[in-house]
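Spelled out from the first residue to the last, the chains are:
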Amino acid sequence: MMKDPTNATPGAGFFRNVVRLGWVSLLTDVSSEMLYAITPLFITQVLGASVGIVGLIEGIAEGTASVLKGISGWQSDRIRKRKAFVFYGYSLSAIAKPLIGMATGWPMVLVARFLDRFGKGVRTSARDALIADSTRPEERGRAYGLHRAMDTAGALVGVAISLVLLLLLKGHETETSAFRQLYWLAFIPAVGGVLLIFTVKEMPFKRKEGGGNRKFDLHFGKEFYATLGLYSLFTLGNSSDVFLLLRAENAGWAAEAVIGAYLLYNASYSLLSYPIGRRADRMSKGTLLGCGLLVFALVYVGFAWLPSPWLIWPLFLVYGVYMALTDGVSKALIANLAGAEVRGTALGLFYMISGLLMVASSILAGYLWDHVSSAAPFYLGAAAALAAGVGFFLKKTRS
């Protein structure tokens, strides 16, 4: 059996920290996903901005998160602390929720989304490194799968709450007022998630002789950079999910139907994340990533072509399969390819590069939507995913 380089304990020790972080993410995602499906509708319908502005807002917000993921991952390696990054990151994202509800124009939404993604950038690399620190290499697929399952279960609950509250509020309020009240209600579970961080345990590090890694070390090996290169190719066409929601609206769907389809996506994502994570511990994670990217390509071709609006239902369902095949699996693969001393840095670099490319992809998608057609961004995404998926099948991985 592979020696555990992080002093992680199996069994109850593994589940204690991973599950606590899972509950933090669950409550935070209840809050975030109460709002995610309505935010592009709020920006375009209530504030009167164009789809191109939506792409700009998402691009800047996600770009901020991407850069900070790289910096915070390295800093958490340097000071040998993860929990503080997790706490402050989740706190900033919680504060951002009611700010959007008060917005009278899209620039204020941009500020709030910037703050929200700033918090995500601060916490993500450190949190995922802490999950890896709490587990052994042969358990990490299961660990990230469990975390993603709990995270996405929160998303499922959040979208369901959003749908119910929207239907109730619109019976007594205007749609604008209903949207604004949802942003305030979403602040409650966000605060609950922040408070739960106090129950999470900081994991000890085994320091190298000489005091451990204090420099910005980028020596992660050829396999890490091959994985990063292929995933970056895919991300060139992987624009923000808001374009999927806008595509449904473009097909004539009401806000409630869009939220319902997004609920279906989260259901399949949540239910499949843990079993796929367990499977990833027993086979090549690169192969699973390749399968996931091919599924993505098929879904995006479907959104581009879309001969009938009802196909949006199965497309969202299958999109959840893609997420379950790639999200937790990619984290487990990167965590296993990097040593404990540089794990936060490696995860941060992976998130930063892929995230910045997603920013460019989102801005390009907004431009293509406004100036070419609503199908154009999806054809681009399908082509990039197909090329990267084939690359993962051809590349041999050891993790």
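Every value quoted in this text rests on a predicted model; they were computed, and no experiment measured them. (Residues numbered from 1 in each chain as written. Predicted model: local features only at pLDDT ≥ 70, side-chain atom pairs only at ≥ 80, totals over all residues. Heavy atoms only, no water.)

So, the overall build of the protein chain
Then step 1. Looking only at helices and strands, the protein chain features 15 helices and zero strands.
Then step 2. A compact globule built from 399 residues would reach a C-alpha radius of gyration of about 21 Å, and the protein chain, at 20 Å, matches this within 12%.
Then step 3. The principal-axis extent of the C-alpha atoms belonging to the protein chain is close to 65 × 45 × 35 Å.
Then step 4. For the protein chain, with 399 residues in total, the buried portion stands at 62%. (Helix = DSSP H or I, 4+ residues; strand = E, 2+ residues; numbered from the N terminus. Rg over C-alpha atoms; globule rule 2.2 N^0.38 Å. Buried < 20%, exposed > 50% of the residue type's maximum accessible area, 1.4 Å probe, protein only.)

Observations concerning the confidence of the model for the protein chain
Close inspection of predicted coordinates is inappropriate for parts of the model with low pLDDT.
Then step 1. Confidence in the prediction of the protein chain, expressed as mean pLDDT, is 82, and 91% of residues score 70 or more.
Then step 2. Note that pLDDT drops below 50 for residues 1-12; the model gives that stretch 31 contacts with residues more than four away or on any other chain.
Then step 3. Every residue in residues 208-213 is under pLDDT 50, and counting partners more than four places away or in other chains gives eight contacts. (pLDDT = per-residue confidence, 0-100. Contact = heavy atoms within 4.5 Å.)

Here's the deal with unusual backbone geometry
Then step 1. Phi at arginine 80 is positive, roughly 60 degrees, even though this residue is not glycine.
Then step 2. In this model, leucine 306 sits at a positive phi of 40 degrees, which is unusual for a non-glycine residue.
Then step 3. Relative to the elements of secondary structure, leucine 306 occurs in the loop between helix H12 (285-305) and helix H13 (312-337).

Digging into the packing of helix H9 (residues 222-235) against helix H14 (residues 343-371)
Then step 1. Contact pair H9 / H14: the axes reach a minimum separation of 9 Å and the direction vectors enclose 20 degrees. One way to sum up the angle between H9 and H14 is to call them roughly parallel. Between H9 and H14 lies a crossing whose hand is right-handed. Of the residues in H14, those touching H9 at Phe224, Tyr225, Leu228, Tyr231, Ser232 and Thr235 are Ala346, Leu349, Phe350, Ile353, Ser354, Leu357, Met358 and Ser361.
Then step 2. A class-by-class count of the residues in the contact of H9 with H14 yields 10 nonpolar, four polar and no charged. (Axes fitted to C-alpha atoms, helices over the stretch in contact; angles between N-to-C directions. Parallel < 35°, antiparallel > 145°, perpendicular 65-115°, else oblique. Left-handed = near helix turned anticlockwise from the far one by under 90°. Nonpolar A, V, L, I, M, F, W, Y, C, P; charged D, E, K, R; others polar.)

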